[in-house]
Amino acid sequence: MAGRINDDDVKAVRDAVPIDSVVSEYLQLRNAGGGNLKGLCPFHDEKSPSFQVSPGKGLFHCFGCQEGGDTIAFVMKIDHLSFSETVERLAAKAGITLRYEEGGYNPSHQRGERIRLIEAHQAAADFYVRALESPEAEIGRKFLAERGFDQDAATHFRVGYSPAGWDHLTRYLRGKGFSDKELITSGLSQDGRRGPIDRFRGRLMWPISDTAGEIVGFGARKLRDDDNGPKYLNTPETPIYKKSQVLYGIDLAKKDIAKASRAVVVEGYTDVMACHLAGVTTAIATCGTAFGNDHIKILRRLLMDNGSARVIFTFDGDSAGQKAALRAFEDDQKFAAETYIAIAPDNMDPCDLRLAKGDDAVRDLVEPRTPLFEFALRQIVGRYDLETPAGRASALDEAAAVVAKIKTSSVQREVAVQLAGFVGILDQEFVVHRVAQLARWARDRGDKGGRGPGPQDRRGGTPQQPAQASAAPSGPALNLRSPAHRTERELLKLALQKPALVSPAFDAYGADEFTAPPYAAVRQCIAEAGGAERGLGDNREYLVAVMDAAPNNTVRSLVTELAVEVFMGRTIDETYAGMQLVHVRLRAVDRRINEVQGSLARLGSNVAPDDLAAAQNEVWVLQQYAQSLRAKGADAL
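In this report, we go over the structure that sits alongside the text.

### Looking at the nonpolar core
Of all hydrophobic cores here, the largest spans 45 residues; its most connected members are L144, V159, L204, W206, Y248 and M273. For this core, the leading source of residues is helix α12 (residues 269-277), giving five residues. Not counting the four nearest positions on each side in its chain, V159 is found in contact with V129, L132, L144, A154, L204, M205, W206 and M273. Judged by nonpolar contacts, the second largest core, of 38 residues, contains L491, L496, I526 and F567.

Quick look at the structure:
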């Protein structure tokens, strides 16, 4: 049984790995002000960044879907790892040796499944690279050379070779301590008559990495005529490899994609190699599947959906390439980026183009020229005889249905005007009207077909099924309702982000002084973590303690939200902090005065003399305290 990771080692890992460096492996981050960074959330689909990272506090929070936490929580969520798997992975990144309680440390037993599968792929990649140097792999080296790739290129892309025998890799990985079950689960081996055998044999091998740079699968190219398998054979679906969620070359291209706000989508491994070697270092490719939704999400997080972003597709000009372009166009509006298509002369792919005409031709190919929508519509229109009224009408009907799917009305109108020109219809407004009509019909059919769940409400429910505020708190929704909620929110942000400005006064405040139940829950968490005074030392350790004190994920999410949200005031100093302290306390005092006076009014003459005197005295003391707070401010606390 795996031992528990030592608490001090967990803290060391949390402190050693900067959260912004980890998050940047999955999405582009930009300055959000106040020392925070922002990007498109990787946990839900959005077009404007609501995901914030606070490097100074080691926290992230999404104001859209309410996910939040520290570096460990981020990696657990995005890579679907257990707590121990995540700590082990981050420890390896930071060079920290972990200590385990209750039984010591045994890597083969205590590493989680995902980490073991990643390690198996890393070992396999090293094995394949060495095998490419063997005499048997001459056919593979020749294949690369004929396509313009020398040894340096093979090394850069970690291209390898899988020996033609039945179980060379399987025996090698067994010797490294991997079990037969792990080898089958990883997709590196498959069941044979007498046990596991290699899945890839006698093929050229490309390692496929995820956005974080970890190898999760392989693409294998057939080299021999007696190989009865497909031309390209990819890793099957495994716990770590989903072909719809990986892009070959993304680990090499992601920084340049983010920097240049540009991505080039090609069709094969050698095309990615050719583009990168020609200087187009933003090239990536899908792995045996069409470019789809999950691929778009990966690119959008890197491109940040700014207006100058460009995505260039290099589909072949043949019928398959045209179909791919039409599919891509249907997803086009999911980008804020402008999309283009590039087709080389004679329908050559980038690899062939580089061989025939050199690096300059590849760079010139991917310069944006033809918008994807224009190419897609011309392909549709080109199937009809536009010299006849019937042909023009049929072309318009098919193409208009595609344009009607564009959600932004201004863009839809602009493309409809251009469609009129493609079809040869002089009455542009007729085409615009036709497209708008089809769009309305599509919306009406969608409504009549039964409405699914509405957009998620900011507080955890849907418009049809509102959630209770205490069950699923959300700061911004409360923030807009009253000055009391706004002030309570600011005070909690101060207690979490700048505890020195409110301590020790804040620690004397009870949870009942916060009128919003979610804020009262956060106040209770701070108290259980040792109070704001604990934040005067190690602020990160303090925030982790507050999150650990949260009774559920909803409250924990609100803690991270308040810990990264910017303040409403311009100058955050002792004066500002004092104002929030006074306002929250003053409202609590006024509420208590009203409660006591209301109780006396309800009881009337039925109240006992002693109780009446005590209540009147309490009211008098509270009124004097309120007067002092109004006159002296924070000095009266």
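### What to know about the state of the cysteines
By definition, a disulfide links the sulfur atoms of two cysteines through a covalent bond. Taken as a whole, this structure holds zero disulfides when the rule is applied. Left without a disulfide partner, C275 is nearest to the cysteine sulfur of C351, which lies 9.4 Å away. The exposure class of C275 is buried, given its relative accessible area of 0%.

### What about helix α25 (residues 553-564)?
For α25, built from twelve residues, the straight-helix expectation of 16 Å at 1.5 Å per residue is met to within 8% by its first-to-last C-alpha distance of 17 Å. Burial of α25 is extensive: nine of the twelve residues sit out of reach of the surface. By the burial criterion, the buried members of α25 are V555, S557, L558, V559, T560, E561, L562, A563 and V564.

### Some words on the sheet that holds strand β4 (residues 51-54)
Taken together, five strands build an open sheet; the order of strands is β2-β3-β4-β5-β6 and the sheet is antiparallel. The two strands at the open ends of the sheet, each matched to only one other strand, are β2 (30-33) and β6 (68-70). Averaged over all pairs of adjacent strands, the angle between their axes in this sheet comes to 25°, without regard to strand direction. Direction of pairing for β2 relative to strand β3 (residues 36-39): antiparallel, over a ladder of three bridges. Each bridged residue has a counterpart across the sheet, and for G33 the counterpart in β3 is N36.

### Structural notes on the pairing of strand β12 (residues 215-222)
Counting buried residues in β12 gives seven out of eight residues, a clear majority hidden from the surface. As defined by bridge partners, strand β11 (residues 203-209) adjoins β12 across seven bridges and the pair is classed as antiparallel. Across the sheet, P207 pairs through a bridge with F218, a residue of β12. The antiparallel hairpin formed by β11 and β12 contains five residues in its connecting segment, where G213 sits at a positive phi of about 90°.

### Brief notes about the packing of helix α22 (residues 483-497) against α25
Where α22 meets α25, the closest approach of the two axes is 8 Å, and the angle between their N-to-C directions is 85°. Taken as axis vectors, α22 and α25 run roughly perpendicular relative to one another. Counted together, R489, L492, K493, L496 and Q497 of α22 and L558, V559, E561, L562, A563 and V564 of α25 form the full contact between these two elements. Per-class residue counts for the contact of α22 with α25 are seven nonpolar, one polar and three charged.

Conventions we followed
- Residues numbered from 1 in each chain as written.
- Predicted model: local features only at pLDDT ≥ 70, side-chain atom pairs only at ≥ 80, totals over all residues.
- Heavy atoms only, no water.
- Core = buried A, V, L, I, M, F, W, Y, C linked by side-chain atoms within 4.5 Å.
- Buried < 20%, exposed > 50% of the residue type's maximum accessible area, 1.4 Å probe, protein only.
- Helix = DSSP H or I, 4+ residues; strand = E, 2+ residues; numbered from the N terminus.
- Contact = heavy atoms within 4.5 Å.
- Disulfide = S-S within 2.5 Å.
- Expected span 1.5 Å × (residues − 1).
- Pairing = 2+ DSSP bridges.
- Axes fitted to C-alpha atoms, helices over the stretch in contact; angles between N-to-C directions.
- Parallel < 35°, antiparallel > 145°, perpendicular 65-115°, else oblique.
- Nonpolar A, V, L, I, M, F, W, Y, C, P; charged D, E, K, R; others polar.

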